[in-house]
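Results of the structural survey
Chain residues, written in single-letter form:
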Amino acid sequence: MNMKNQTMEHVVAIRGLENVVAGETKISYVDGVDGRLIYAGYEIRELAAHASFAETVYLLWHGELPTREQLDAFHIRLVAEMRLPSQVIEMIKLAPPSAHPMDLLRTAVSALGMYDPDAADRSDEACERKAIRLLAQTITLVADMHRVRQGLPVLSADTKLGFGANFLYMLRGDSPSEAEQTAFELLLMLHLEHGLNASTFAARVTASTLSDMHAALTSGLGTLKGPLHGGASERAIDIFENVNDIDEIDEYIEGMLNEGKRVMGFGHRVYKTEDPRARLLREQAWILCQRTDLAELAAQAKRVEQLVMEKKGIYPNVDFYSGIVQHALGIPKPYFTAIFACARTAGWLAHIREQYADNRLIRPTSHYIGPWDKVAVPIDERG
Ligand code: COA
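Rules behind the numbers
Residues numbered from 1 in each chain as written. Predicted model: local features only at pLDDT ≥ 70, side-chain atom pairs only at ≥ 80, totals over all residues. Heavy atoms only, no water. Pairing = 2+ DSSP bridges. Helix = DSSP H or I, 4+ residues; strand = E, 2+ residues; numbered from the N terminus. Core = buried A, V, L, I, M, F, W, Y, C linked by side-chain atoms within 4.5 Å. Buried < 20%, exposed > 50% of the residue type's maximum accessible area, 1.4 Å probe, protein only. Contact = heavy atoms within 4.5 Å. Near = heavy atom within 4 Å. Polar contact = N/O pair within 3.5 Å; in protein donor to acceptor, adjacent residues only side chain to side chain. Areas by Shrake-Rupley, 256 points an atom, 1.4 Å probe, with all protein chains shown as cover. Nonpolar A, V, L, I, M, F, W, Y, C, P; charged D, E, K, R; others polar. Phe/Tyr/Trp six-rings, centres within 6.5 Å; stacked < 30°, edge-to-face > 60°. Salt bridge = Lys/Arg side-chain N within 4 Å of Asp/Glu carboxyl O. Axes fitted to C-alpha atoms, helices over the stretch in contact; angles between N-to-C directions. Parallel < 35°, antiparallel > 145°, perpendicular 65-115°, else oblique. Left-handed = near helix turned anticlockwise from the far one by under 90°. Expected span 1.5 Å × (residues − 1). Patch = residues over 30% accessible without salt bridge, like charges linked within 9 Å, V, L, I, M, F, W, Y side chains within 5 Å. Lys, Arg positive; Asp, Glu negative; His and termini not counted. Charge placed at Lys NZ, Arg CZ, Asp CG, Glu CD.

Examining the sheet that holds strand β1 (residues 28-31)
- With respect to topology, three strands assemble into an open sheet ordered β1-β2-β3, the strand pairing being antiparallel. Each edge of the open sheet carries a strand with a single partner, namely β1 and β3 (42-43).
- Of the strand pairs in this sheet, β1 and strand β2 (residues 36-39) are connected by four bridges, and their pairing is antiparallel. Paired with serine 28 across the strands is tyrosine 39, a residue of β2.

Below, the structure written as structure tokens:
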């Protein structure tokens with residue numbers, strides 16, 4: 001039997017690796033049939049009701065929710081790392097103002113590796129230090145990026161504020177209200193982790209070569225940027241920029257659907273029922289939208305939900321409400337995907353460490369479908 005026959009007989013390529021089980025994890029489970037998301041044994045709604053973002057990160061990194069003492073120590077370390085090397089601030093200043101925040105975030109996270117004293121150390125202690133630093137630095141990058149681009153001074157974190165509240169403070173320059181803090185912490189928690197999605201897989205592939213955490217995170221960031229993955233929340237909010245008032249919603253959405261276009265922020269590849277994250281974030285979106293200046297947006301969003309359900313039977317996904325919540329928090333639209341990435345950084349870091357702890361180089365194979373048995377002709381004899 002020649003090589004050609006062996007290859008043809010035994011290989012079946014699974015496009016997109018759909019339904020391929022590519023590893024074991026204790027980090028999360030996505031149940032698309034019943035619409036459940038489980039983080040390390042806990043239903044997401046349990047955590048949403050009883051834990052903060054930092055507590056959930058601790059859970060995914062350590063397998064257990066922290067005690068009060070453990071959380072306090074974790075929080076102190078996290079907030080202390082919410083600052084950037086001056087060289088990275090300079091890099092932000094030098095970047096073209098037109099650069100998308102996701103491009104700048106990916107480049108800056110890669111650069112941070114060159115300033116991290118633990119970059120090449122894969123011991124548990126160094127990985128914990130780097131994970132805390134990276135989680136703190138990515139969100140600081142987004143806040144500082146915005147301040148630098150606005151010509152405003154960057155702000156230091158306030159040790160009295162929680163992780164999410166600190167970001168809003170460092171971005172906007174004022175302390176967020178209780179309702180704003182609750183909504184933003186939940187938004188971060190809901191974007192933290194979602195199984196072996198494309199960016200998490202990319203981060204694990206890089207980690208499986210025993211490359212460093214910054215490199216693996218950079219792979220995750222580059223992968224999340226693609227329009228088939230992150231980015232829907234930025235485009236979901238476009239709907240409300242393209243209509244003048246609620247009376248134009250029906251025509252606009254029906255027009256989109258009649259032209260076969262997709263309404264951003266609706267539908268999901270895995271969830272065959274309602275996205276559990278959308279259900280939780282919707283409550284917060286409507287609480288924030290009680291503000292008079294957001295009443296029209298809420299009314300329009302509710303009409304869009306109704307119409308897409310009536311016409312297509314499709315539920316909104318987390319990105320629909322994520323766009324609304326971020327808009328209500330005063331976060332400029334170009335930063336929406338970058339904020340998703342900052343939350344997911346904690347999930348990627350959990351996966352990178354899980355990969356290091358029980359590593360096997362991820363190296364699948366492909367089904368060769370090119371020609372065989374060709375003869376190489378010297379260059380001057382080729383037609
Ligand atoms: N708007 C309008 N119609 C949609 C839709 C949407 N957002 N999402 C799916 N559909 C329709 C498809 O057109 C198709 O209709 P048809 O059977 O009449 O042709 C049907 O639903 C099934 O679509 P399919 O492409 O098989 O669904 P999918 O599971 O592959 O798609 C997404 C999943 C996420 C890619 C898709 O829902 C989408 O593009 N959503 C918008 C982008 C988005 O919000 N992404 C963030 C996901 S968290």
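Description of the nonpolar core
- Formed by 114 residues in total, the largest nonpolar core has its most connected members in Trp61, Leu105 and Ile324.
- Sequence-distant contacts of isoleucine 324, that is, excluding residues within four places in its chain, are made with Ile237, Phe240, Ala285, Trp286, Cys289, Leu297 and Ala301.

So, the site of the ligand
- Lining the immediate surroundings of the ligand are 15 residues, of which Arg262, Val263, Gly265, Phe266 and Arg269 lie closest.
- At 2.7 Å from an oxygen atom of the ligand is found a side-chain nitrogen or oxygen belonging to arginine 262.
- Take lysine 312: an N or O atom from its side chain is 3.2 Å from an oxygen atom of the ligand.
- Protein coverage of the free-state accessible area of the ligand, which is 870 Å², stands at 61%.
- Class assignment for the residues of the shell around the ligand results in six nonpolar, four polar and five charged.

Here's the deal with the packing of aromatic side chains
- The tally for this structure, following the rule as stated, stands at nine aromatic pairs.
- Relative to phenylalanine 184, the ring of phenylalanine 167 has its centre 5.4 Å away and its plane inclined at 20 degrees; by these criteria the two rings are stacked. You can see phenylalanine 167 sitting in helix α8 (residues 163-172) and its partner phenylalanine 184 sitting in helix α9 (residues 178-191), a full 17 residues away along the chain.
- The buried category is assigned to phenylalanine 184, whose relative accessible area is 0%.
- Residues phenylalanine 320 and tyrosine 321 carry aromatic rings whose centres are separated by 5.2 Å and whose planes lie at 80 degrees to one another, so their mutual orientation is edge-to-face.
- What makes tyrosine 321 buried here is its relative accessible area of 0%.

Structural notes on the pattern of salt bridges
- The final tally for this structure, using the stated rule, is 25 salt bridges.
- Among the salt bridges present, the one from arginine 133 reaches glutamate 81, with a minimum N-O distance of 3.6 Å. With a gap of 52 residues between them, arginine 133 in helix α7 (residues 124-149) and glutamate 81 in the loop between α4 (68-80) and α5 (86-94) connect regions that are remote in the sequence. One exposure class covers both arginine 133 and glutamate 81, and it is buried.
- Each member of the salt-bridge network shares a partner with another, and the members are Glu81, Asp116, Asp118, Arg129 and Arg133.

A look at the packing of helix α6 (residues 101-115) against α7
- As a packed pair, α6 and α7 sit with axes 10 Å apart at the nearest point and diverge in direction by 130 degrees. It follows that α6 is oblique to α7 by the angle criterion. You can see that α6 and α7 cross each other, and the crossing is right-handed. Taking contact as the criterion, the partners of Pro101, Leu104, Leu105, Ala108, Val109 and Leu112 in α6 are, on α7, Leu134, Gln137, Thr138, Leu141, Val142, Met145 and Arg149.

Considering helix α15 (residues 276-288)
- Taking 1.5 Å of rise per residue, the 13 residues of α15 would be expected to cover 18 Å, and the 19 Å separating its terminal C-alpha atoms lies within 8% of that figure.
- Counting buried positions along α15 yields ten of 13 residues, so the element is predominantly enclosed.
- For α15, every residue scored as buried is listed here: Pro276, Arg277, Ala278, Leu280, Leu281, Arg282, Gln284, Ala285, Trp286 and Leu288.
- Its buried side turned inward, α15 meets β2, α2 (44-50), α9, α16 (295-312), α17 (318-328) and α18 (336-357).
- The N-cap of α15, judged by a side-chain oxygen 2.9 Å from the amide nitrogen of arginine 277 a few residues on, is aspartate 275.

Digging into a nonpolar patch on the surface
- A cluster of nonpolar side chains, contributed by Ile14, Leu17 and Val20, occupies part of the molecular surface with about 230 Å² of accessible area.
- You can see leucine 17 is positioned in the loop between α1 (3-10) and β1.

Some remarks on a positive patch on the surface
- Judged by side-chain charge, Arg262, Arg269, Lys272 and Lys312 come together as a positively charged surface patch.
- Locating arginine 269 in the fold gives a position in the loop between α14 (249-258) and α15.
- Arginine 269 sits in the exposed class, given a relative accessible area of 65%.

Thoughts on unusual backbone geometry
- Although it is not a glycine, leucine 17 adopts a positive phi angle of roughly 55 degrees.
- Residue classification places leucine 17 among the partly exposed residues on the basis of a relative accessible area of 41%.
- Unusually for a residue other than glycine, aspartate 373 sits at a positive phi of about 55 degrees.
- Structurally, aspartate 373 can be placed in the segment after α18.
- The class for aspartate 373 is exposed, based on a relative accessible area of 71%.

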